[in-house]
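Structural description and commentary
The chain contents come next:
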Amino acid sequence: MSSKIRSLFQGFRSSLDGERGTSEAFPGDGSSSPATSTSTSTHDSSPAAIARRAPPTPPDEKDNHHHLKTLQRLQKGIPINPKNSSSSTDGNNHSHYEDYENTEDMTDAQQTEVNGLAHSVSHTLSLSNSPSSTFHSPVGSYSSRTTLNRPSGKQLKPFNTQDIKIVLLENVNIAAREILESQGYQIEFHKSSLPEDQLIEKIRQSFKTNRDVHVIGIRSKTKLSAKVLREAKNLLVIGCFCIGTNQVDLEYAAKHGISVFNSPFSNSRSVAELVISEIIALARQLGDRSMEMHNGTWNKISAKCWEIRGKTLGKFSFTPEIISWMRPLTKLLGIVGYGHIGSQLSVLGEAMGMRVLYYDVIPLMALGTAKQVPTLKDLLEQADFVTLHVPEIAETKDMIGAEQLAQMKRGSYLINASRGSVVNIPALIESMRSGHTAGAALDVYPSEPAANGDYFNDTLNSWGNDLRSLKNLILTPHIGGSTEVSEAQSAIGIEVGEALVRYINSGSTIGCVNMPEVTLRSLTLAEENHVRVVFIHSNRPGVLRQVNSILGDHNVDKQMSDSRGDVAYLMADISDVNAGDIRSLYESLEALSCKLINRDTHGNTLTFFAAKIMTRVLY
Ligand SMILES: NC(=O)C1=CN([C@@H]2O[C@H](COP(=O)(O)OP(=O)(O)OC[C@H]3O[C@@H](n4cnc5c(N)ncnc54)[C@H](O)[C@@H]3O)[C@@H](O)[C@H]2O)C=CC1
Ligand SMILES: O=C(O)C(=O)COP(=O)(O)O
């Protein structure tokens, strides 16, 4: 990368850092765009047509220079011409973007150009939104973003699901929609989430066919319970266009051969930055001062307002005793859950002069001078700010209740941007009313509305109005990951969109959260009579023997199999398969079952156990 490009990019980053404002649109936001649209791509997705497509030409530095210029102009609200942005420097363009505060308000075509620029810049310069993006990253998950742009081997096509039909909910970013449409898949797009009964109805009616949905794409609101999944008889895969996957019944999905993908860290930095802003805002009671000013009240006070940095020692030299005496004056940040978000926060907190302690259920390498503590209690007793970054699982439900709040120091603060179920809200209200907890910031709630509107009251959660009445309590509508244009939302769209395409077209489960991770190198164009078999089955003895006896009629070139709990995933590339063989191969695998002994409470019972969960043949 030339130094010119690098310095341009640095300028671009600092302009982002300095000028970014975030907001999120949902239905009810007055947007005039239709809430639902169905698009049927006219692309020819046959293997031959796909193979004919030329691989994309990588943009050269000149293009980067231009893209960066354009992005800088977008960030500054300077008009550019979406049809011919290369002429944007002449100052004579009439902007299609200038009135928009964010791309949620843009048309799809305008978002497309912005995302395209961002995607192109980030791919070409190998940029990451997150300085420590490889930390804890699952194999292949982040680097996989570039895979679709590489010239690859033969593009496979599912045998028994020719027309892939996708329902996208919760305003999934345009970047994802483009990736999926470019494959010729059909997409039904919805801006908001749907409650269970409506979702079931939607699945039943989608694409005017009977439950013919192959892919569902959601964010954090849509609950894909067993009841909902049971209706989606043809579902192959779920894309969670977010980090959390607690909204999906992962076990039910796996047992029915439905793979689930998420974006493990594309919005981690966005959450960490929001938390940093909240730490300062709580320490200075910014929320209250701002609210007072909005109501016309000037209330200049310094009582119970603090800096968060460590106390500087200035030019004087102090004895170690004095230094250790001064250390407690440094504000201590306590991070619960030191994963992608927690560890980002650790770096940012230290950069602002805070000391960092963290608690996690597994031993993790400390970044900087942060220290892991053995128990949650150790952390709660010492930290001035406690911030929660754990997943929603049984162990984290009500993790912070009355007992834990009492263990926290008097005058300390609590921040929750993980999941609403992690904090017992009535206990927090009590602790704040008593003055024990000096302030809190909540981004997530046990029940959250499916769309934007006047929903934050006692109807949704019984204590909604109690929360609204509390001082020094920052309430945000689950916006931790809500940044866009080359940041969280478009990055997530690209990452999950590409994972879905890889899964549908090649069966690869790399990055999957509920299946074993299995992949094989691509088939080449020269391998004409080769097909790929994906067989998801119960993890029981004897199944592989039966599968291999079916595959054995052909030549098994390569094979990989792995299991996760009760479910096993086998992928095999076999050759010498004529077009006419594909159906019988598929049907033999579909019919596969094996005999097992199941014991009931009264003794031994001989039963037949169906081994097959799902068969896919890709050719
Ligand atoms: N507010 C928002 O918009 C967003 C919220 N989130 C939430 O934040 C959560 C954390 O995200 P990441 O850092 O990316 O997840 P991660 O999986 O990278 O890290 C979670 C960490 O929590 C630890 N952990 C699990 N159970 C624990 C327990 N009982 N006690 C202590 N530590 C425990 C894990 O070992 C892991 O290190 C997500 O699961 C999601 O629910 C994520 C993104 C955006
Ligand atoms: O990524 C996550 O887990 C989040 O909580 C963000 O959710 P969202 O995409 O904003 O609904």
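Rules behind the numbers
- Residues numbered from 1 in each chain as written.
- Chains lettered and ligands numbered in written order.
- Predicted model: local features only at pLDDT ≥ 70, side-chain atom pairs only at ≥ 80, totals over all residues.
- Heavy atoms only, no water.
- Pairing = 2+ DSSP bridges.
- Helix = DSSP H or I, 4+ residues; strand = E, 2+ residues; numbered from the N terminus.
- pLDDT = per-residue confidence, 0-100.
- Contact = heavy atoms within 4.5 Å.
- Axes fitted to C-alpha atoms, helices over the stretch in contact; angles between N-to-C directions.
- Near = heavy atom within 4 Å.
- Polar contact = N/O pair within 3.5 Å; in protein donor to acceptor, adjacent residues only side chain to side chain.
- Areas by Shrake-Rupley, 256 points an atom, 1.4 Å probe, with all protein chains shown as cover.
- Nonpolar A, V, L, I, M, F, W, Y, C, P; charged D, E, K, R; others polar.
- Buried < 20%, exposed > 50% of the residue type's maximum accessible area, 1.4 Å probe, protein only.
- Right-handed = clockwise from strand over helix to strand, strands pointing away.
- Domains from an automatic or database assignment.
- Phe/Tyr/Trp six-rings, centres within 6.5 Å; stacked < 30°, edge-to-face > 60°.
- Parallel < 35°, antiparallel > 145°, perpendicular 65-115°, else oblique.
- Left-handed = near helix turned anticlockwise from the far one by under 90°.

**Looking at the sheet that holds strand S7 (residues 332-336)**
The sheet built from seven strands is open, its strands ordered S9-S8-S7-S10-S11-S12-S13 with parallel pairing. Both outer strands of the open sheet, strand S9 (371-372) and strand S13 (473-475), are each paired with one neighbouring strand and no more. Alignment of strand S8 (residues 355-359) against S9, held across two bridges, turns out to be parallel. When the bridges of S9 are listed, Leu-357 appears paired with Lys-371.

**Quick look at the confidence of the model for the protein**
Looking at the protein as a whole, the pLDDT averages 78, with 68% of positions reaching at least 70. Scored below 50 in pLDDT, residues 1-107 shows 167 contacts in the model against residues more than four places distant or in partner chains. Low confidence marks residues 114-151, where pLDDT is under 50. Its contacts with residues over four positions away, or in another chain, come to 89 contacts. Here the predicted complex carries an ipTM of 0.99, next to a pTM of 0.76.

**With respect to the sheet that holds strand S14 (residues 531-538)**
One open sheet accounts for four strands, arranged S15-S16-S14-S19; its pairing is antiparallel. Taken across any chain shown, the strands that pair with only one partner, and hence form the sheet edges, are strand S15 (555-564) and strand S19 (612-618). With strand direction ignored, the average angle separating the axes of adjacent strands in the sheet is 10°. As paired elements, S15 and strand S16 (residues 567-575) share nine bridges and run antiparallel to each other. Counted as the bridge partner of Asn-555 is Ser-575 from S16. Along the sheet, helix H18 (residues 543-551) makes contact with S14, S15 and S16, crossing S14 at roughly 155°.

**Things to note about the site of ligand 2**
Taken together, Arg-219, Ser-220, Phe-241, Cys-242, Ile-243, Gly-244, Asn-267, Arg-419 and His-478 are the residues near ligand 2. Here an oxygen atom of ligand 2 sits 2.7 Å away from a polar atom, N or O, in the side chain of Arg-419. Coverage of ligand 2 by the protein amounts to 92% of the 310 Å² it exposes when considered alone. Grouping the constituent residues of the shell around ligand 2 by class yields three nonpolar, four polar and two charged.

**What about the pairing of strand S5 (residues 237-240)?**
Here S5 shows two buried faces, one formed by Val-237 and Gly-239 and the other by Ile-238 and Cys-240. Relative to S5, strand S4 (residues 215-218) runs parallel, the two sharing four bridges. The residue bridging Ile-216 from the neighbouring strand is Ile-238, located in S5. Handedness of the crossover joining S4 and S5 through helix H7 (residues 226-231) is recorded here as right-handed. Strand direction decides the pairing type here: S5 and strand S6 (residues 259-261), joined by three bridges, are parallel. Across the sheet, residue Gly-239 finds its bridge partner in S6, namely Phe-261. Traced from S5 through helix H8 (residues 250-255) to S6, the parallel crossover comes out right-handed.

**Describing the side chain of Asn-416**
Looking at where Asn-416 falls in the secondary structure, it is placed in strand S11 (residues 412-416). For Asn-416, a relative accessible area of 1% corresponds to the buried category. Engagement of the side chain of Asn-416 in a polar contact is seen with the side chain of Ser-418, the distance being 2.7 Å. When sequence neighbours within four positions are dropped, the list of residues in contact with Asn-416 reads Leu-388, Val-422, Val-423, Ala-441, Leu-442, Asp-443 and Val-444.

**Details of the site of ligand 1**
Taken together, the neighbourhood of ligand 1 is formed by 28 residues, with His-340, Ile-341, Asp-360, Ala-417 and Asp-443 sitting nearest. The backbone of Ala-417 places a nitrogen or oxygen atom 3.0 Å from a nitrogen atom of ligand 1. The contact in question runs from an oxygen atom of ligand 1 to an N or O atom on the backbone of Gly-480, over 3.4 Å. When ligand 1 sits alone it has 860 Å² of accessible area, and the protein chains cover 88% of it. A class-by-class count of the residues in the shell around ligand 1 yields 15 nonpolar, 10 polar and three charged. Inspection of the shell around ligand 1 shows a minimum of three residues originating in each of domain 1 (154-267 + 483-514) and domain 2 (268-451 + 458-475).

**Observations regarding the environment of Glu-178**
The residue Glu-178 is located in helix H5 (residues 174-181) in this model. Spatially, the C-alpha atom of Glu-178 lies 9.0 Å from that of Ile-494, the residues being 316 residues apart in sequence.

**Digging into the packing of aromatic side chains**
The geometry of an aromatic ring pair comes down to the distance between the two centres and the angle between the two planes. Counted by the stated rule, this structure contains four aromatic pairs. Arranged with centres 5.7 Å apart and planes meeting at 55°, the rings of Phe-261 and Tyr-503 form a pair that is tilted. Of the two residues, Phe-261 sits in strand S6 while Tyr-503 sits in helix H17 (residues 488-506), which places them 242 residues apart along the sequence. Tyr-503 shares its class with Phe-261; the two are buried. With 3.5 Å between their ring centres and 5° between their planes, Tyr-338 and Tyr-358 make a pair best called stacked. Taken together, the residues span a long stretch of sequence, with Tyr-338 in the loop between S7 and helix H12 (340-351) and Tyr-358 in strand S8 at a distance of 20 residues. Under the relative-accessibility criterion, Tyr-338 is labelled buried at 0%.

**Digging into the packing of H5 against H17**
When two helices pack together, their arrangement is given by the angle between the helix axes and by the axis-to-axis distance. The N-to-C vectors of H5 and H17 enclose an angle of 25°; their axes lie 7 Å apart at closest approach. What the angle tells us is that H5 and H17 run roughly parallel. As H5 runs across H17, the sense of the crossing is right-handed. Contact residues: Ala-175, Ala-176, Ile-179 and Leu-180 in H5; Ser-490, Gly-493, Ile-494, Gly-497, Glu-498, Leu-500 and Val-501 in H17.

**Considerations on the packing of helix H9 (residues 268-283) against H12**
Where H9 meets H12, the closest approach of the two axes is 8 Å, and the angle between their N-to-C directions is 45°. Taken together, the axes of H9 and H12 are oblique relative to one another. Both H9 and H12 take part in a crossing whose hand is right-handed. On H12, the residues touching Ser-268, Arg-269, Val-271, Ala-272, Glu-273, Val-275 and Ile-276 of H9 are His-340, Ile-341, Gln-344, Leu-345, Leu-348 and Gly-349. Across the contact of H9 with H12, the residue classes break down as seven nonpolar, four polar and two charged.

**Here's the deal with the side chain of Asp-384**
In this fold, Asp-384 is placed in the loop between helix H13 (376-382) and strand S10 (385-388). The class of Asp-384 is buried, set by a relative accessible area of 13%. Polar side-chain contacts of Asp-384 include one of 2.7 Å to the backbone nitrogen of Leu-332. Among the polar contacts made by the side chain of Asp-384, one reaches the side chain of Lys-409 at a distance of 3.1 Å. If we ignore the near neighbours within four places in the chain, the residues touching Asp-384 are Thr-330, Lys-331, Leu-332, Lys-409, Ser-412 and Tyr-413.

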